[in-house]
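Remarks on the overall topology
Residue strings, one per chain:
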Amino acid sequence: MPLLPPGSRQPALLQTMRMRDPVHYFASLRRRYGPVFRMQLTGFPPQVVVSTAELAAEIYSTDGDGNRAGALRAGYVPWLGDYSLFTNDGEPWWRHRKLLSPALHGRSIASYPELIAEIAAEDIRTWPLGRPFALQEHMQAITLEITLRLVFGIRDVTQLARLRALLLTLSKASGSPLLFLMPARLRAWAEKSPLAMRVPVLPTTRTMKASAAVDEILFAEIARRRDEEDSGATDVLGRLLRARDDQGHSMSDQEIRDELLTLLEAGLETTATGLSWAFERLMRSPEILRRLREELERGEDDSYLEAVVKEVLRLRPVITGSGRLLDKPLRLGGYEIPAGWVAIPMFSLIHQDSEAFPDPEEFRPERFLGEGAQTAQKSFLPFGGGRRYCVGAQLAMMEMKVIIREVLRRVELTAADPAPEAQRMWHVTLVPGKRAVAVAREQPLNRPPLSAEPRCPVHPAPSE
């Protein structure tokens, strides 16, 4: 018999119910059982959770040949299609990774900051002044508009408005908690059954109908763009249309459609949530906000801004963790994990590791500057790790830095309530419990303006 890690002996249903507050539940299991423990949730294989970056690296070492991360997700995001980086494994996954990466890194996105700032400014001008409002809704609107214009490249105003509404419907429907509580077989039936599709209140019905309507627009746009053959297009869709694999083959319409929706799924809710947490933390940390403004006013570089973004993503990770379905047994922290189990590096625990992050509950951007930066960076995993490191990480960091700069340049934000907002589970993300409620005021007339030109140097793509 393999030596299994310790873990809760509660029935799977009770453990699943504790997932309403996953951060505190995982922390309690870590305190009781140590850095490696097991869980059992309804509808999932047995799970082993790790809470240090070193143990996470052991799981990531299986990425080349030894796990199926895509198969683990496929049943829960069927609208992404068969070619998505989220749901694929093996050689098909690797082919798509190589095709998609160049469109999201380096010179391909070097011209994006100006348009990102423009999109943010358009939305900021609509913010109410002097009364509380939910920042998260505006962060979602900004990141959605960025996706439409920089990723999808839609220009037609009518199509843009229709797709904007449909993508919001798809995002909300696919984020329904009921969808993730449904057993996989029941979900698969509901998504294909003509009978179930006649029940409009089912989240599966709303999701599949919204997905079909989005497909109609996307396939028409892909066909139009193929006919245009615009070799100078800088949006992601234009670059994917020109991409060729090692054999010189292009991507099919279906492949491109699946990856466009993958970028929506991966970037819309997560980036908006990260931005919401950034302002939630900054509004309650006046000294850090003051220093950030001073650094941005000097306009020399964005090192402190980047440290602030990283510390936000460490202290308030958007995703609790990301698992791997093991094809082979794995020796992990002195235990033998059988094939068929799910191994999960739990970001919310790794980012609270006091050896990597002294006083982990404190909001301290200086962790990512100076002598301790290298140690902190090794345990900083908001975008995952290994071969499946988030392909859009560089673009997401760019978005967050440009949008934070633009907000601070145009308004002064204060918290409507000085108490910190709790972490609340929505879909698979941890959002501010009150959706980052703020009060915006015009900048004082005597305050020096921040540089209007976003300075976001393009860094090499990590962990490709």
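Let me begin by describing the structure that accompanies this report. All values reported here derive from a predicted model rather than from experimental measurement.

1. Section: the overall build of the chain
Of the regular secondary structure elements, the chain holds 18 helices and 11 strands. For a compact globule of 464 residues, the expected C-alpha radius of gyration is about 23 Å, and the chain comes in at 22 Å, within 12% of that figure. Considered along the principal axes of its C-alpha atoms, the chain spans approximately 70 × 55 × 45 Å. Taking all 464 residues of the chain together, 54% fall into the buried category. For the chain, contacts bridging at least 24 residues in sequence account for 73% of all contacts bridging at least 6. In the chain, which carries 60 positive and 59 negative side-chain charges, the distance between the mean positions of the two groups comes to 5 Å.

2. Focus on the packing of aromatic side chains
Tallied over the entire structure, the rule returns 6 aromatic pairs. With a centroid separation of 6.3 Å and an interplanar angle of 35 degrees, the aromatic rings of Y25 and F26 are classed as tilted. Judged on exposure class, the residue Y25 and its partner F26 are both buried. Summarising the aromatic geometry, the rings of F383 and Y389 are spaced 6.2 Å apart at their centres and angled 55 degrees between planes, so their arrangement reads as tilted. Exposure remark for F383: the relative accessible area of 16% places this residue in the buried category.

3. Observations regarding the side chain of T87
Summarising the element assignment, T87 is placed in the loop between α4 (69-74) and α5 (90-100). A residue is classified by how much of its surface remains accessible, and T87, at 13% relative accessible area, is buried. Discounting chain neighbours no more than four positions away, the residues touching T87 are G70, A71, R73, A74, V77, G81 and D82.

4. Comments concerning the pattern of salt bridges
If you walk through the whole model with that rule in mind, you get 37 salt bridges. One salt bridge in this structure joins R149 and E118, with 3.5 Å as the shortest N-O distance. Of the two residues, R149 sits in helix α7 (residues 135-152) while E118 sits in helix α6 (residues 112-124), which places them 31 residues apart along the sequence. Looking at E118, the relative accessible area reads 40%, which means it is partly exposed. Several salt bridges converge on common partners, so that one network encompasses E118, E122, E145, R149 and R164.

5. A closer look at the nonpolar core
Ranked by size, the top nonpolar core spans 98 residues in total, and within it W127, L135, F152 and L413 carry the most contacts. The leading source of residues in this core is helix α13 (residues 253-283), at 13 residues. Residues in contact with L413, not counting those within four places in the same chain, are W127, L135, F279, M283, V407, A438, V439 and A440. The next biggest cluster of nonpolar side chains, apart from the first, holds 12 residues, and it includes L41, V49, I344 and M346.

6. What to know about the environment of A356
You can see A356 is positioned in the loop between α16 (347-350) and α17 (373-378). Taking the C-alpha atoms as reference points, A356 and Q377, separated by 21 residues in sequence, lie 8.9 Å from one another. Every residue in contact with A356, bar those within four places of it in the chain, is listed here: T375, A376 and S379.

7. Comments concerning helix α2 (residues 22-33)
Along its 12 residues, α2 runs 16 Å from first to last C-alpha, staying within 8% of the 16 Å computed at 1.5 Å per residue. Taken together, the buried positions of α2 are P22, V23, Y25, F26 and L29. Taken around the axis of α2, the buried residues stretch over an arc of 170 degrees, which confines them to a single face. What points out from α2, more than 90 degrees from its buried face, is the exposed set H24, R31 and R32. Looking at the buried positions of α2, the neighbouring elements they touch are α1 (12-17), β1 (36-39), α16, β9 (423-426) and β10 (429-432). Just downstream of α2, G34 is the residue with a positive phi angle, here 100 degrees.

Basis of the calculations
- Residues numbered from 1 in each chain as written.
- Predicted model: local features only at pLDDT ≥ 70, side-chain atom pairs only at ≥ 80, totals over all residues.
- Heavy atoms only, no water.
- Helix = DSSP H or I, 4+ residues; strand = E, 2+ residues; numbered from the N terminus.
- Rg over C-alpha atoms; globule rule 2.2 N^0.38 Å.
- Buried < 20%, exposed > 50% of the residue type's maximum accessible area, 1.4 Å probe, protein only.
- Contact = heavy atoms within 4.5 Å.
- Lys, Arg positive; Asp, Glu negative; His and termini not counted.
- Charge placed at Lys NZ, Arg CZ, Asp CG, Glu CD.
- Phe/Tyr/Trp six-rings, centres within 6.5 Å; stacked < 30°, edge-to-face > 60°.
- Salt bridge = Lys/Arg side-chain N within 4 Å of Asp/Glu carboxyl O.
- Core = buried A, V, L, I, M, F, W, Y, C linked by side-chain atoms within 4.5 Å.
- Expected span 1.5 Å × (residues − 1).
- Arc of directions from axis to C-beta.

Keep in mind these numbers describe shape, not what the thing actually does.
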